[in-house]
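Listed here are the chains, written in short residue letters.
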Amino acid sequence: MLSIVPSKDVETIAIEFEGAVTHEDAMKIDKIIQDKYVDKGQFNIYAIISEEKGASFHGLEESIRLHKEAWNHFHKFAVISSSHGEEQLVEMKLLLPDIEVKYFKLDEMNEAWEWIQE
């Protein structure tokens, strides 16, 4: 389940989710990208993953394929989680090979914001 949370940066979509990203979740993110970022240049995603077993980004694949032009504006993806960071990084890098992806632990949320705003 995906939730949009307040962002500290106007160029960053902040989300929190548990489990796998569904098609519906991907469409929510896609709508935000289409509405706010397509005409404005690059944007970032700050994703807090709150499930201990990790999460899957497979639901984003369809959105990325359908709206490749919008996703090409993607700049940085910060993954904040308590576990499975390396697996999530590999999955995101396979989906979006041209973006910067970095993993942060839950106690490094401020460092994630600093990195995303560089």
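Owing to the predicted nature of the structure, the values given are computational and were not obtained by experimental measurement.

1. A look at the pattern of salt bridges
Part 1: Per the counting criterion, the structure on display carries one salt bridge.
Part 2: Between Glu118 and Lys76 there is a salt bridge; the shortest N-O distance is 3.9 Å. Placement of the pair is Glu118 in the segment after helix H5 (109–116) and Lys76 in strand E4 (residues 74–81), with a sequence separation of 42 residues.
Part 3: Look at Glu118 and you get exposed, because its relative accessible area is 68%.

2. A closer look at the pairing of strand E3 (residues 43–49)
Part 1: Taken across its seven residues, E3 has seven buried, putting it largely inside the fold.
Part 2: Side chains Phe43, Ile45, Ala47 and Ile49 of E3 all project onto a buried face; the interleaved residues Asn44, Tyr46 and Ile48 project onto the opposite face, where all are buried too.
Part 3: Alignment of strand E2 (residues 12–17) against E3, held across six bridges, turns out to be parallel. The partner of Thr12 across the bridge, within E3, is Asn44.
Part 4: Two elements, E3 and E4, share seven bridges in a ladder whose sense is parallel. Bridge pairing in E4 links Ala47 to Val79.

3. Quick look at the nonpolar core
Part 1: Core analysis: the largest hydrophobic core is formed by 19 residues, its most contacted members being Ile13, Ile15, Phe17, Ile45, Phe74 and Phe77.
Part 2: Among the elements that take part in this core, E3 stands out by supplying four residues, more than any other.
Part 3: Core analysis: the second largest hydrophobic core is formed by 10 residues, Ala78, Phe104, Trp115 and Ile116 among them.

4. Remarks on the confidence of the model for the protein chain
Part 1: On average, residues of the protein chain score 77 in pLDDT, and 69% of them are at 70 or above.
Part 2: Confidence, read as mean pLDDT per element, is least for helix H2 (residues 60–66) in the protein chain (64) and greatest for H5 (95).

5. Some remarks on the sheet that holds E2
What holds strands together in a sheet is hydrogen bonding between their backbones, with the strands either parallel or antiparallel.
Part 1: Read from one edge to the other, the open sheet built from five strands follows the order E1-E2-E3-E4-E5, with strand pairing classed as mixed. Looking at which strands have only one partner, the edges of the open sheet turn out to be strand E1 (2–5) and strand E5 (100–104). Going across the sheet, the axis of each strand differs from the next one's by a mean of 20°, ignoring polarity.
Part 2: Contacts between H5 and the sheet are confined to E2, E3, E4 and E5, with E4 contributing the most and set at about 175° to the helix.

6. Thoughts on the environment of Ile13
Part 1: For Ile13, the position within the fold is in strand E2.
Part 2: Note on Ile13: relative accessible area 3%, which makes it buried.
Part 3: Counting along the chain gives 16 residues from Ile13 to Ile29, while the straight-line C-alpha distance between them is 8.3 Å.

Cut-offs applied
Residues numbered from 1 in each chain as written. Predicted model: local features only at pLDDT ≥ 70, side-chain atom pairs only at ≥ 80, totals over all residues. Heavy atoms only, no water. Salt bridge = Lys/Arg side-chain N within 4 Å of Asp/Glu carboxyl O. Helix = DSSP H or I, 4+ residues; strand = E, 2+ residues; numbered from the N terminus. Buried < 20%, exposed > 50% of the residue type's maximum accessible area, 1.4 Å probe, protein only. Pairing = 2+ DSSP bridges. Core = buried A, V, L, I, M, F, W, Y, C linked by side-chain atoms within 4.5 Å. pLDDT = per-residue confidence, 0-100. Axes fitted to C-alpha atoms, helices over the stretch in contact; angles between N-to-C directions. Contact = heavy atoms within 4.5 Å.

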